[in-house]
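A structural walkthrough
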Amino acid sequence: MAKLTDHMGRPIVAVTGIGVVTSLGIGKTDNWAALTSGKSGIHPITRFPVDHLNTRIAGTVDFLASSSKGASPLTYELAETAAQEAVAEAGLDSSDFGGPLFLASPPVELDWADRFSLYNSDKADSGAERLLRVARGLKEIDIFETTQFGSIADRLADHFGTRGLPITLSTACASGATAIQLGVEAIRRGECDRALSIGSDGSATAEALIRFSLLSALSTHNDVPEKASKPFSKDRDGFVLAEGSGALVLESLEAALARGATILGIMRGCGERADDFHRTRSKPDGSPAIAAVRAALADAGLGEDEIDYVNAHGTSTPENDKMEHLSLSTVFGERIGSMPISSNKSMIGHTLSAAGAVEAAFSLMTMREGVIPPTINYDNPDPAIVLDVVPNRKRDASVGTVLSNSFGFGGQNTCLVMAREPV
Amino acid sequence: MSASDVVISGIGLVSSLGEGPDAHWSKLTQPGLQPVLETARFAPYTIHPLPEIDWNLQISKRGDQRQMETWQRLGTYAAGLALDDAGIKGNDELCATMDMVVAAGGGERDEAVDATILAASESRNDRDVLLNEKLTTDLRPTLFLAQLSNLLAGNISIVHKVTGSSRTFMGEEGAGVAAVETAAARIRSGQSTHVLVGGAFQTEHSDMLLGYELAGYLHRDAWKPVWQRQGMQGGGVVTGSGGAFLVLEQRAHAISRGRRIYAELGPIVSGRARRRQGELAATIGALLDQAVKPNGKLLTLSGASGAHAATAAERSVLDAHPALATRGFSTMTGHMKEAQFPFAVALAALAVERKAAYPAFDAQAEKPFEGVPDSALATAIGYHQFEGVALVKAA
């Protein structure tokens, strides 16, 4: 008889379904094949003209029906596609999921294509006045729904038959991890037996790119796109904007075993800590990220020596990778030099709101497959960052536990600890 | 009563009526109070504007103020009021262990830049190129941070040092409902001892009006109380700028700090009616039944937005309950979107603590309430989607 509660007496939370979409493809099979062969999904942008832009590459998802229809429709389709895979794998009814929905998605705004078309459908007055007048004459609410922050989750809730008020959240680049954390917590509190946690981001618009670019956050290595994302390298110069989605079906181990579900992994612990230092920079001593890692370990009931592999946030920005190294080496001490630590973002770019969920999906697959995906483009190691980044080639390894980091603007730090087996 | 009850130990409010619980109580208990309205600036739309605010009182560094637009400032300010009220502000240990759930929409775009681009789009066919050209040169680089939804919470961490955890929920009124519900669940389960929860809405920006008007939700006729807009021009919603933050605390934790307790936060129930299938009234009825079995008159702080369908449905359900004496506070404050539910809970808590009800905000539609309310209901029925109800009880 398996133990059904954890070291704090809470229900153990299992993963029974995983779904993923990135620029590498739809679904786990294609993504895993690409990821373990060190293939990059980063490419020149074709969705919109790149005139005047310093960054002309991205990891956009260009192969879905909504890929050219705007951020809201694409974020929805990405979420639905990943969730469909996860729910199907879990063997649950995909129209009557029967648990709550937690969706990490980007903040929404009226798309420029709609702004232009509304504005130019009339000639009288100008600016906001004209937009408002045209808006109130609209006969359909499709455009309206793209501007409502709760609409994507509402549609997903309809589609999958999730229960109750769906929660849409943003903790910037940690959002995907927070969606999982909220699901884990709901199950641990006994509010539900299962939860659907999704991180989805289809917001790689020209304006999003320009905004990050103005903050000097993006790589401008446009010439060889697949080489642009180079976490932990000396010549890293920013992240690569990307899209994707990850979905997990979370279930109490007890409920999962009772219905004979296959256990794909265990969500052992979650930890978080906010940083009060600066809107985009971390506290120089790394204390919030350190506290988030330690909180996740404590929540998981694991010591520093019990983590086999770190799925790094590893964005390829000068700042993040330096700070992540500082916090990991503080927590893990000398052992850090011999622990495998790799960044999926070297291949898929930074999927922003989806990243924490996409990378949790890959972390779970790393344990199941016994293969660690590499950090590609690791040709010029940063001498200040001495890590085993699993450079350039995948590695076979028995991985029983993973720490996955997510750090975001606004001082967001969220860490997840996953395990292959129940205790 | 139990040591692990969720209690309200701090309230921070800002609306057109003023700031703080005392100012709101004294205004809202004045019989015949007239709302503060701005009818010219956004005509044909009426709004309830922000009162005059000295930002320095809660955001002492000018540099911090400059990094925010009004929405983030307003939220950070209201959060500071709540922390002050709970005796937590400036207490490093309590702030560092405090959890936070913020209900947020988005921040303000640069209207001038947008207007320039739109004007130029009339004579250009290469609009995507135009966009790149203008946005790369005209946008202020840090404006992005003032627009990001989670940066209200980020600014609260920076300014007030609340760093235990930080989560931002999005989704109009539903985000406010889920934020309060999640914060309370954390306390009840022992995950948190004290949580800052709330939101803010800054309506004095054309995009914030556009967010409603793309579906024709805004009222365009002469101003009327929230229950009296059916059949008039427009969609019935009159918006207001404002913010509401609560400090929720485990009862034992608040008592050990020797703090005043406004009220206990009882059940919070939420829903997602499939409105196109006509479920809304039945869902509201079910939420009320889950939240409370009224024993005598029950004061009800309704966050009704004025949106015709949702407000009619809510009113039909509330009116059918003979025990409920409803106060539609949007009549006085306007609709504050993400802040609507925390605001409703705050007003309910104030009435319970002051042992008195608000007079009718609309004597035609609202029944008198005599006596002492030992509990009060708070509702937020979304103008478009999502619903929530909470019961607040005497401490």
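Moving on, we come to the overall build of chain A. Check the secondary structure of chain A and you find 13 helices and 15 strands. Here the C-alpha atoms of chain A give a radius of gyration of 21 Å, agreeing with the 22 Å that 2.2 N^0.38 yields for 423 residues. Principal axes of the C-alpha set define a box for chain A whose edges measure 70 × 50 × 40 Å. Considering only contacts within chain A whose residues lie at least 6 apart along the sequence, 77% involve residues at least 24 apart. For chain A, the computed accessible surface area is about 13600 Å², with 49% contributed by carbon and sulfur atoms. Here chain A holds 38 positive side-chain charges and 53 negative ones, and the gap between their average locations is 2 Å.

Counting its secondary structure elements, chain B contains 15 helices and 13 strands. Its C-alpha radius of gyration of 21 Å places chain B within 12% of the 21 Å reference for a compact globule of 395 residues. For chain B, the spread of C-alpha atoms along the three principal axes comes to 65 × 55 × 40 Å. Within chain B, contacts between residues at least 6 apart in sequence are counted, and of these 78% link residues at least 24 apart. Summing over all exposed atoms, chain B offers an accessible surface of approximately 12300 Å²; the carbon and sulfur share of this is 49%. For chain B, the separation between the mean place of its 36 positive charges and that of its 42 negative charges on side chains is 3 Å.

Once that is clear, we can look at the interface of chain A and chain B. Every contact between the two is made by 71 residues of chain A and, on the other side, 78 residues of chain B. A buried area of about 6700 Å², summed over both sides, lies between chain A and chain B, and 62% of it is on carbon and sulfur atoms. The interface formed by chain A and chain B includes 13 salt bridges. For the salt bridge of Glu145(A) with Arg276(B), the shortest nitrogen-to-oxygen distance reads 3.2 Å. Across the chain A-chain B interface, the total number found is 34 residue pairs in polar contact (both at pLDDT 80 or more). Contributing elements (two or more residues each) for the side of chain A that touches chain B: α3 (112-119), α4 (127-136), α5 (142-146), α6 (151-160), β6 (167-170), α7 (175-188), α8 (206-214) and β9 (265-274) of chain A. Its residues assigned to classes, the side of chain A that touches chain B shows 34 nonpolar, 17 polar and 20 charged.

What follows deals with the nonpolar core. General note: in soluble globular proteins, nonpolar side chains tend to be found buried as a group. Among the nonpolar cores identified, the biggest contains 146 residues, and Met267(A), Leu248(B), Leu265(B) and Tyr358(B) are the most heavily contacted of them. Per-domain counts for this core show at least three residues from each of domain 1 (13-108 + 148-419) and domain 2 (113-145) of chain A. With residues up to four places along the chain from it excluded, the contact list for Leu248(B) reads Val6(B), Val7(B), Ile8(B), Val180(B), Ala183(B), Ala184(B), Ile187(B), Thr193(B), His194(B), Val195(B), Val197(B) and Leu265(B). One finds Leu81(B), Ile88(B), Leu152(B) and Phe245(B) within the second-largest nonpolar core, a separate group that totals 31 residues.

Attention now moves to the layout of surface pockets. One number sums up the size of the largest pocket: a volume of about 1000 Å³. As for the largest pocket, its lining consists of 48 residues, and the residues nearest its centre are Ala71(A), Asp111(A), Ser203(A), Thr205(A) and Ala208(A). When contributions to the lining of the largest pocket are tallied by element, the ones reaching two or more residues are α2 (71-90), α3 and α8 of chain A together with α6 (127-138) and α7 (143-147) of chain B. Taken together, the residues that form the lining of the largest pocket break down as 23 nonpolar, 15 polar and 10 charged. Residue assignment places the lining of the largest pocket across two domains, with domain 1 (13-108 + 148-419) and domain 2 (113-145) of chain A each supplying three or more.

A few words on the pairing of strand β9 (residues 263-271) of chain B. Residues and elements named next belong to chain B. With 8 of 9 residues buried, β9 lies mostly within the body of the structure. Taken together, the 2 bridges between strand β1 (residues 6-15) and β9 define a ladder with antiparallel strand orientation. Directly across from Ile-8, in β9, lies its bridge partner Ala-263. When β9 meets strand β13 (residues 387-394), the two strands line up antiparallel, connected through 7 bridges. Bridge pairing in β13 places Ser-270 opposite Gly-388.

Our focus in this paragraph is the pattern of salt bridges. Counting across every chain of the model gives 52 salt bridges over all chains. With a closest N to O distance of 2.7 Å, Asp299(A) and Arg188(A) form a salt bridge. Placement of Asp299(A) in helix α10 (residues 287-300) and of Arg188(A) in helix α7 is noted, with a sequence separation of 111 residues between them. For the pair Asp299(A) and Arg188(A), one class covers both residues: buried. Of the charged contacts in the structure, one is a salt bridge between Asp64(B) and Arg279(A), with a shortest N-O distance of 3.1 Å. Here Asp64(B) is found in helix α2 (residues 62-66), whereas its partner Arg279(A) is found in the loop between β9 and α10 on a different chain.

All told, the structure shown has 4 cavities of 30 Å³ or more when counted by the stated rule. If you add up the space inside the largest cavity, you get close to 310 Å³. Taken together, 22 residues form the lining of the largest cavity, with Val108(A), Thr147(A), Phe149(A), Asp207(B) and Met208(B) sitting closest to its centre. Breaking the lining of the largest cavity down by element, the ones donating at least two residues are β6 (194-201) and α10 (206-213) of chain B.

This part is about the confidence of the model for chain B. With 100% of its residues at a pLDDT of 70 or more, chain B shows a mean pLDDT of 97. Among the scores for the predicted complex, ipTM is 0.98 and pTM is 0.98.

Attention shifts here to α8(A). Of all the 9 residues making up α8(A), 7 are buried; the element is thus mostly covered by neighbouring parts of the structure. Looking at α8(A), one finds that the buried residues are Ala206(A), Glu207(A), Ala208(A), Leu209(A), Ile210(A), Arg211(A) and Phe212(A). Structurally, α8(A) contributes buried residues whose contacts are with β4 (57-58) and α3 of chain A together with α6 and α7 of chain B.

Moving on: the packing of aromatic side chains. Per the counting criterion, the structure on display carries 12 aromatic pairs over all chains. On the basis of an interplanar angle of 45° and a centroid distance of 6.3 Å, the ring pair of Phe212(A) and Phe409(A) is categorised as tilted. Of this pair, Phe212(A) sits in helix α8 while Phe409(A) sits in the loop between β14 (401-408) and β15 (412-419), and the two are 197 residues apart along the sequence. Ring centres 5.6 Å apart and planes at 90° place the aromatic pair Trp55(B) and Tyr77(B) in the edge-to-face group. Placement of Trp55(B) in the loop between β3 (47-48) and α2 and of Tyr77(B) in helix α3 (residues 70-85) is noted, with a sequence separation of 22 residues between them. A single burial state applies to Trp55(B) and to Tyr77(B), both of which are buried.

Residue and element names in this part refer to chain B. Put simply, helix α12 (residues 280-291) and helix α13 (residues 308-320) touch, their axes get as near as 9 Å, and they point 45° apart. Relative to α13, the element α12 is oriented oblique. Pair α12 / α13 crosses with right-handed handedness. Residues Leu-280, Ala-281, Ile-284, Gly-285 and Leu-288 of α12 lie in contact with α13, whose contacting residues are Ala-310, Ala-313, Glu-314, Val-317 and Leu-318.

This brings us to the pairing of β6(B). Residues and elements named next belong to chain B. With 8 of its 8 residues buried, β6 lies for the most part within the structure. Side-chain alternation along β6 places His-194, Leu-196, Gly-198 and Ala-200 on one buried face and Val-195, Val-197, Gly-199 and Phe-201 on a second face that is also buried. Two elements, strand β4 (residues 99-103) and β6, share 5 bridges in a ladder whose sense is parallel. The partner of Met-100 across the bridge, within β6, is Leu-196. Bridging between β6 and strand β8 (residues 242-250) involves 8 bridges; their strand directions are antiparallel. Each bridged residue has a counterpart across the sheet, and for Phe-201 the counterpart in β8 is Gly-242.

Conventions used here
- Residues numbered from 1 in each chain as written.
- Chains lettered and ligands numbered in written order.
- Predicted model: local features only at pLDDT ≥ 70, side-chain atom pairs only at ≥ 80, totals over all residues.
- Heavy atoms only, no water.
- Helix = DSSP H or I, 4+ residues; strand = E, 2+ residues; numbered from the N terminus.
- Rg over C-alpha atoms; globule rule 2.2 N^0.38 Å.
- Contact = heavy atoms within 4.5 Å.
- Areas by Shrake-Rupley, 256 points an atom, 1.4 Å probe, with all protein chains shown as cover.
- Lys, Arg positive; Asp, Glu negative; His and termini not counted.
- Charge placed at Lys NZ, Arg CZ, Asp CG, Glu CD.
- Buried area = accessible area lost by both parts, 1.4 Å probe.
- Salt bridge = Lys/Arg side-chain N within 4 Å of Asp/Glu carboxyl O.
- Polar contact = N/O pair within 3.5 Å; in protein donor to acceptor, adjacent residues only side chain to side chain.
- Nonpolar A, V, L, I, M, F, W, Y, C, P; charged D, E, K, R; others polar.
- Core = buried A, V, L, I, M, F, W, Y, C linked by side-chain atoms within 4.5 Å.
- Buried < 20%, exposed > 50% of the residue type's maximum accessible area, 1.4 Å probe, protein only.
- Domains from an automatic or database assignment.
- 1 Å grid on protein atoms, 1.4 Å probe; cavity = no way out; pocket = protein on both sides within 12 Å on 5 of 7 lines; lining within 4 Å.
- Points joined across faces, edges and corners; volume = space filled by probe spheres on them.
- Pairing = 2+ DSSP bridges.
- pLDDT = per-residue confidence, 0-100.
- Phe/Tyr/Trp six-rings, centres within 6.5 Å; stacked < 30°, edge-to-face > 60°.
- Axes fitted to C-alpha atoms, helices over the stretch in contact; angles between N-to-C directions.
- Parallel < 35°, antiparallel > 145°, perpendicular 65-115°, else oblique.
- Left-handed = near helix turned anticlockwise from the far one by under 90°.

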